[in-house]
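Notes for the structure review
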Amino acid sequence: MYERMLNKQIVPTEDEIREYIGEKSIENMNSIINAIGKIFKINIELKFPYGNNYGWGYRIGNEKNKFLFNIFFERGSINVMLRTEIKTEKEIEKHNELTEEGKEYWKNRYPCGNEGGGWIHYRVKNKKNLKDIGIFLSIKTKKEIVL
């Protein structure tokens, strides 16, 4: 379970992505994209980035094509990957709003940059996880993103 689409030679169609991740994950992905799309004019690109272990996914960037996050396709799920920092008082307050699961993802992040930064790989399995994604995106973008 949660295998990624790792065949770089075959570009998946929208129907193949839908079948692979499932209808609930399509709904969750659309919720994330729609919420960020209310704040930014976004660019969505189907990509196979970062080597052979990440697989196919969407790269989401803002109107200046600045990277915001990736959504990787997993069997029966999606995985949101983003980099953020939690340093300011406001960012700490937002962090405190995370669910216990969200706090675990932050605790287990891949460290990057300054002491308070890192990469999060959050597997979105249900609608409850969307709240955490909204909080992490709010911290990253410094905009209120509600999911």
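Residues numbered from 1 in each chain as written. Predicted model: local features only at pLDDT ≥ 70, side-chain atom pairs only at ≥ 80, totals over all residues. Heavy atoms only, no water.

**A word on the packing of helix H4 (residues 100–107) against helix H5 (residues 127–141)**
Selection criterion: Simply put, an axis is a line fit to the C-alpha atoms, just over the touching stretch for a helix, and the angle between two N-to-C directions goes from 0 to 180 degrees. Helix and strand definitions here come from DSSP, where helices need a minimum of 4 consecutive H or I residues and strands a minimum of 2 consecutive E residues; each element is numbered from the N-terminal end. Our angle categories are set so that under 35 degrees counts as roughly parallel, over 145 as roughly antiparallel, 65 to 115 as roughly perpendicular, and the remainder as oblique. For any pair of crossing helices, the crossing counts as left-handed if the nearer helix is rotated counterclockwise from the farther one by less than a right angle, and right-handed if it is rotated clockwise. What makes two residues a contact is simply this: any of their non-hydrogen atoms within 4.5 Å. Here the term charged refers only to Asp, Glu, Lys and Arg, the term nonpolar to Ala, Val, Leu, Ile, Met, Phe, Trp, Tyr, Cys and Pro, and the term polar to all other amino acids, Gly among them.
The contact between H4 and H5 brings their axes to 9 Å, and the two run at 50°. The angle between the axes of H4 and H5 places the two elements in the oblique class. The element H4 and its partner H5 pack so that their crossing is right-handed. In contact with Glu101, Gly102 and Trp106 of H4, H5 contributes Asn129, Asp132 and Phe136. Residue composition of the contact of H4 with H5, by class: two nonpolar, two polar and two charged.

**A few points about H4**
Selection rule: With a 1.4 Å probe rolled over the protein chains alone, any residue whose accessible area is under 20% of its type maximum counts as buried; one over 50% counts as exposed, and the rest are partly exposed. Note: the arc covers the axis-to-C-beta directions of the helix.
Along H4, the positions that sit buried rather than exposed are Gly102, Tyr105 and Trp106. The arc enclosing the buried residues of H4, seen along the axis, measures out at 100°, which places them on a common side. Every exposed residue of H4 that faces more than 90 degrees away from the buried side is listed here: Glu100 and Lys107. Those residues of H4 hidden inside the fold are in contact with strand S4 (77–85), helix H3 (89–96), strand S6 (117–124) and H5.

**Things to note about the side chain of aspartate 132**
Basically, it comes down to this: Neither His nor the chain ends contribute to the count of charged residues, in which Lys and Arg are positive and Asp and Glu negative. Salt bridge, as used here, is a side-chain nitrogen of Lys or Arg placed within 4 Å of a carboxyl oxygen of Asp or Glu. Side-chain atoms alone can form a polar contact between residues adjacent in sequence; in general such a contact is a pair of N or O atoms within 3.5 Å, and within protein one must be able to donate a hydrogen while the other accepts it.
On the secondary structure map, aspartate 132 appears in helix H5. The buried charged residue aspartate 132 lacks any salt bridge partner; its closest oppositely charged side chain belongs to lysine 131, at an N-O distance of 5.7 Å. A polar contact is formed between the side chain of aspartate 132 and the side chain of threonine 99, at a distance of 2.5 Å. For aspartate 132, the residues in contact, after removing those within four places along its chain, are Leu98, Thr99, Glu101, Gly102 and Tyr122.

**Some remarks on the pattern of salt bridges**
Under the criterion given, the structure shown has 15 salt bridges. A salt bridge links glutamate 144 to lysine 94; the nearest nitrogen and oxygen atoms lie 3.1 Å apart. Placement of the pair is glutamate 144 in the segment after H5 and lysine 94 in helix H3, with a sequence separation of 50 residues. Lysine 94 gets classed as buried once you look at its relative accessible area, which sits at 14%. The salt bridge partner of lysine 103 is glutamate 100, with a shortest N-O separation of 3.9 Å. Taken together, the positions of lysine 103 and glutamate 100, both in helix H4 and three residues apart, correspond to about one turn of that helix. Residues joined in a network through salt bridges with shared partners are Arg4, Glu74 and Arg123.

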